[in-house]
Amino acid sequence: MRRGDLVYYATAPIRLFGRSRAFRIAVAAMLVTGACFAVTLWALDHFFPPVSSAQQAVAKLPPLPPLPPVTRASYVIAPVAVSLVALRQSLNGAAPREFAGKNDNPVSKLLSKADIGITVSRGSMSVTGTPNELTINTPLTGTLQITGQLATQAGNLAGSLTGLLDSAVGKQIGGLTSQVLDQHAEVRGEVVVKSKPAIKSNWRLEPNLSAQVALGNSALTLAGLKVDMAGEARPLIEKAVGEQVAALEARLRSNPAIERAARAQWAKMCRSIPLGGGKTGLPQLYLEMRPVRAAAAQPQVDARNVTLTVGVQAETRITPKATTPACPFPAQLELVPPMDNGKLAVGVPIDVPFTDINKILEAQLKGHHYPEDKDAAVDVEVKRASLAAAGDRLLIALHVKAREKKSWFGFGAEADVLIWGKPVLDQKNQILRLTDISLAVESQAALLGVAARAAVPYLEQALADKAVIDLKPFAADARKKVAAALAEFQKNEDGVRVDAGVDDLRLTGIAFDQTTLRVIAEADGTAKVSVTRLPAM
């Protein structure tokens, strides 16, 4: 056949397309039909995805029982350290600076028509701490004033003053006549208040206060006689100090500050925290936190702080949707022995559907060629990957295209490679690895039998290293979101500083059923509270 004839016959369809209207309509109809068919296939694959090869492979096996609902116990043990400086400032602002009073005592009765009054001012308080005890020292400066007259019956005065003054001097009073008095004496001393604070189960503080008054020597000369003024002032001062201490103790016992602060933090913990989703490429999950128990150890006192250690236990679980947990605040606070200070542990059971893992696994394997040695006799390209569970094993099903490279023809076709293995959690590298791997090749193509089976030895070694599920994105996202949730507790305002953070998150276990892989994660961190300024009492 001449070349001109060959060109003539090859271009005949083009000439026919230009001359025949029916032919053009037929071609257009075929193109439209083909486009509709392609769009229909795309829609079916997108909205009604086919059952994965892994699901088909395990469909004939007995189904696994569903995973039981599980929650993990989490807890926060936070020391709340109140500085002695803050305590001193609060007490200084609450206690009165001055007080005054009058006294009726045996000495006053020896003074006819006499009044004994006192005015006392206090200085700045100092607060010191020793193990389990606070000591509050306050200096006092006062003035004692006596007005009136000496009794005219010296004999009676002498008998009454014998116990207070020198007996010989007392006898000399008998001859004294009434004298008008207007005498002042300075009194100096110190009030020492000790406290052994304790926390009670009703969220209140028991201060356990006790006070002592110490006065220096002070004498006043009345009609030539020296009288001990410290003894006259003591009852007045002790009465005033006792009243102030009793009032302070009552206020502290009824103060709801501890409960109010605990309720605020309890409400913050009761929540659902989003995990994954968005730009992370991970499935949208939620960490539900539900506080269920509160405990505290008795306050500890040292040279710088009074420290109350409070612990909260919470139940945590991962849910596919946001929840609104119910978290009733405990009416009673559990009192426990001293606990580890500043420790935080959050247990997180992460339930991930296999459909979501399939997307991660496929992104990890799709398009990869095995073996990686270019001189190997075969080349296997992964087209699709899926995961399913059966018994105590997981199945990774790879839809591959295998091609032999020894001959010029490059025979090959597509097939399903089934990889069975026991899942083992690699805690250090945060991956799920398959061990005891066994492979099976399923194909209807006769030509593939040689190519695919020749590839099995290469695949076994390659997949022993590559057939893993990377859990680091789940762990990293969980750590980030838990840390973000804890950041909401942190503050540095109104004299209160809260520090809380996650130091480490580790994966501790796995479980699975027919549809879900459960990974158990535990986050460890620290928490502490420092109080440098207290509200007014």
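These numbers come from a predicted model, not from an experiment.

1. Let's talk about the pattern of salt bridges
Turning to step 1, where the next piece is worked out: Per the counting criterion, the structure on display carries 15 salt bridges.
Turning to step 2, where the next piece is worked out: A salt bridge links Arg188 to Glu186; its shortest N-O distance comes to 3.1 Å.
Turning to step 3, where the next piece is worked out: When its relative accessible area of 48% is taken as the criterion, Arg188 is described as partly exposed.
Turning to step 4, where the next piece is worked out: Asp524 serves as the salt-bridge partner of Arg506, at 2.2 Å between the closest nitrogen and oxygen. Placement of Arg506 in strand E25 (residues 496-512) and of Asp524 in strand E26 (residues 516-531) is noted, with a sequence separation of 18 residues between them.
Turning to step 5, where the next piece is worked out: For Arg506, a relative accessible area of 31% gives the class partly exposed.
Turning to step 6, where the next piece is worked out: Among the residues examined, Asp524 registers a relative accessible area of 23% and is labelled partly exposed.
Turning to step 7, where the next piece is worked out: Salt bridges here are not isolated pairs; linked through shared partners, they connect Arg204, Glu259 and Arg263.

2. A closer look at the state of the cysteines
Turning to step 1, where the next piece is worked out: Summed over all chains, the structure comprises one disulfide.
Turning to step 2, where the next piece is worked out: One disulfide in the model links Cys270 with Cys327; its S-S distance is 2.0 Å. Linking Cys270 and Cys327, the disulfide has an S-S dihedral of approximately 75° and is accordingly described as right-handed. Taken as a pair, Cys270 in the loop between helix H10 (257-269) and strand E12 (271-275) and Cys327 in the loop between strand E15 (305-319) and strand E16 (334-335) lie far apart in primary sequence, 57 residues in all. Both residues of the pair, Cys270 and Cys327, belong to the buried class.

3. Quick notes on the packing of aromatic side chains
Here a ring pair, both rings aromatic, is described through the centre-centre distance and the interplanar angle of the planes.
Turning to step 1, where the next piece is worked out: The tally for this structure, following the rule as stated, stands at two aromatic pairs.
Turning to step 2, where the next piece is worked out: Ring geometry for Trp266 and Phe329: centres 5.6 Å apart, planes at 80°, overall edge-to-face. Of this pair, Trp266 sits in helix H10 while Phe329 sits in the loop between E15 and E16, placing them 63 residues apart in sequence. For the pair formed by Trp266 and Phe329, the shared burial category is buried.
Turning to step 3, where the next piece is worked out: Ring pairing ties together the aromatic residues Trp203, Trp266 and Phe329, which thus form one cluster.

4. Focus on the confidence of the model for the chain
Turning to step 1, where the next piece is worked out: On average, residues of the chain score 76 in pLDDT, and 68% of them reach the 70 mark or higher.
Turning to step 2, where the next piece is worked out: Ignoring residues within four places in sequence, the model shows residues 157-177, a span with pLDDT below 50, making 25 contacts including any to other chains.
Turning to step 3, where the next piece is worked out: Segment residues 443-448 is flagged for pLDDT under 50; beyond a separation of four residues in sequence, or across chains, it makes eleven contacts in the model.

5. Considering empty space enclosed by the protein
Turning to step 1, where the next piece is worked out: Taken as a whole, this structure holds four cavities of 30 Å³ or more when the rule is applied.
Turning to step 2, where the next piece is worked out: Size it by volume and the largest cavity reaches roughly 370 Å³.
Turning to step 3, where the next piece is worked out: The wall of the largest cavity is formed by 21 residues, among which Ala95, Arg122, Met125, Gln244 and Val245 lie closest to the centre.
Turning to step 4, where the next piece is worked out: Elements supplying a minimum of two residues to the lining of the largest cavity: helix H5 (84-94), strand E2 (98-102), strand E5 (133-150), strand E6 (180-195) and helix H9 (229-254).
Turning to step 5, where the next piece is worked out: In terms of residues, the lining of the largest cavity owes the most to one element, H9, which gives six residues.
Turning to step 6, where the next piece is worked out: Considering only residue class, the lining of the largest cavity consists of 15 nonpolar, two polar and four charged.

6. A few points about unusual backbone geometry
Turning to step 1, where the next piece is worked out: Non-glycine residue Asn132 carries a positive phi angle of around 70°.
Turning to step 2, where the next piece is worked out: Along the chain, Asn132 falls in the loop between strand E4 (126-130) and E5.
Turning to step 3, where the next piece is worked out: Even without glycine at this site, Asn208 takes up a positive phi of about 55°.
Turning to step 4, where the next piece is worked out: Along the chain, the position of Asn208 falls in the loop between strand E8 (205-206) and strand E9 (209-215).

Thresholds applied
- Each chain has its residues counted from 1, following the order in which its sequence is written.
- At least 70 in pLDDT is required for a residue's local features to be given in this predicted model, at least 80 for side-chain atom pairs to be given and counted, and no such filter applies to totals for whole chains, interfaces and linings, which use all residues.
- Side-chain measures were taken over the full set of non-hydrogen atoms in the model, leaving aside hydrogen atoms and water.
- For this document, the term salt bridge refers to a Lys or Arg side-chain nitrogen within 4 Å of an Asp or Glu carboxyl oxygen.
- Partly exposed describes any residue whose relative accessible area lies between the buried limit of under 20% and the exposed limit of over 50%, with all areas from a 1.4 Å probe on protein chains only and scaled to the type maximum.
- Where helices and strands are cited, they refer to DSSP runs of H or I of at least four residues and of E of at least two residues respectively, numbered from the N terminus.
- Disulfides are defined in this document as cysteine sulfur pairs within 2.5 Å.
- Two aromatic rings, drawn from Phe, Tyr or Trp (for Trp, its six-membered ring), form a pair once their centres lie within 6.5 Å of each other, and the interplanar angle then sorts them: stacked below 30 degrees, edge-to-face above 60, tilted otherwise.
- Known as pLDDT, the predictor's per-residue confidence is scaled from 0 to 100.
- For this analysis, residues touch if any pair of their heavy atoms sits within 4.5 Å.
- Residues are called lining when one of their atoms sits within 4 Å of a cavity or pocket point, these points coming from a 1 Å grid over the protein atoms alone, where a cavity is a set in which a 1.4 Å probe fits but cannot get out and a pocket is an open set with protein on both sides within 12 Å along at least five of seven lines.
- Grid points are joined across faces, edges and corners, and a volume is the space filled by probe spheres set on the points.
- The classification used treats Ala, Val, Leu, Ile, Met, Phe, Trp, Tyr, Cys and Pro as nonpolar, Asp, Glu, Lys and Arg as charged, and all other residues, Gly among them, as polar.

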